[in-house]
Amino acid sequence: MPENPEYLTIPGLAARVGHSRSLIHRLASTPAEKWPAPTYRPGSTRPMYPVEWFDRYWAQRQAGMTQGKRTDLNRDA
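Note that the structure is a prediction, hence the values are computed from the model and not measured. (Residues numbered from 1 in each chain as written. Predicted model: local features only at pLDDT ≥ 70, side-chain atom pairs only at ≥ 80, totals over all residues. Heavy atoms only, no water.)

## Structural notes on the overall build of the protein chain
Within the protein chain one finds three helices and two strands. Shown N-terminal to C-terminal, the secondary structure of the protein chain runs as helices and strands in the order β-α-α-β-α. In the protein chain, which comprises 77 residues, the proportion classed as buried is 23%. Considering only contacts in the protein chain between residues 6 or more positions apart, those separated by 24 or more positions represent 50%. Of the roughly 6000 Å² of accessible surface on the protein chain, 48% is carried by carbon and sulfur atoms. (Helix = DSSP H or I, 4+ residues; strand = E, 2+ residues; numbered from the N terminus. Buried < 20%, exposed > 50% of the residue type's maximum accessible area, 1.4 Å probe, protein only. Contact = heavy atoms within 4.5 Å. Areas by Shrake-Rupley, 256 points an atom, 1.4 Å probe, with all protein chains shown as cover.)

Here's what the structure looks like:
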């Protein structure tokens with residue numbers, strides 16, 4: 001583990017963005033989402049992910065959302 005980075009478990013990441021643990025777990029376990037390999041604390045089985053990486057990932061994911069908009073009518077696509 002790199003020196004003094006900030007890492008959170010899946011429940012911590014879920015709380016950080018106000019979504020369910022099951023959503024974050026599904027994203028983390030979907031290969032197409034390209035999450036980094038988890039880090040583990042000695043003696044723990046709970047995967048931890050870098051907060052800095054997650055914040056960038058989440059911002060990009062949210063920017064790509066088109067919830068509530070019909071995209072099938074967009075002729076430019």
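There is more to say after this.
## Considering the pattern of salt bridges
Using the criterion set out here, one finds two salt bridges in the structure. A salt bridge links Arg 16 to Asp 55; the nearest nitrogen and oxygen atoms lie 2.8 Å apart. Taken together, the positions of Arg 16 in helix α1 (residues 10-17) and Asp 55 in helix α3 (residues 51-63) put the pair 39 residues apart, joining distant regions of the chain. In this structure, Arg 56 engages Glu 52 in a salt bridge whose closest nitrogen and oxygen atoms are separated by 3.3 Å. Residue Arg 56 and its partner Glu 52 are both found in helix α3; the two are separated by four residues, about one turn of the helix. On the accessibility criterion, Arg 56 (46% relative accessible area) is partly exposed. (Salt bridge = Lys/Arg side-chain N within 4 Å of Asp/Glu carboxyl O.)

## Regarding α1
Turning to α1, its buried residues are Ile 10, Leu 13 and Ala 14. For α1, the arc enclosing every buried residue in end-on projection is 100 degrees, short of the 170-degree limit, so these residues lie on one face. Check the buried side of α1 and you find it contacts β1 (7-9), α2 (21-28), β2 (48-50) and α3. A positive phi of about 70 degrees marks Gly 18, the residue just after α1. (Arc of directions from axis to C-beta.)

## Some points on the packing of aromatic side chains
Per the stated rule, a full pass over the model turns up seven aromatic pairs. When the ring of Phe 54 is compared with that of Tyr 57, the centres are 6.2 Å apart and the planes differ by 40 degrees; the resulting orientation is tilted. Of the two residues, Phe 54 and Tyr 57 both sit in helix α3, three residues apart, roughly one turn of that helix. A residue is classified by how much of its surface remains accessible, and Phe 54, at 0% relative accessible area, is buried. Ring pairing ties together the aromatic residues Trp 35, Tyr 49, Trp 53, Phe 54, Tyr 57 and Trp 58, which thus form one cluster. (Phe/Tyr/Trp six-rings, centres within 6.5 Å; stacked < 30°, edge-to-face > 60°.)

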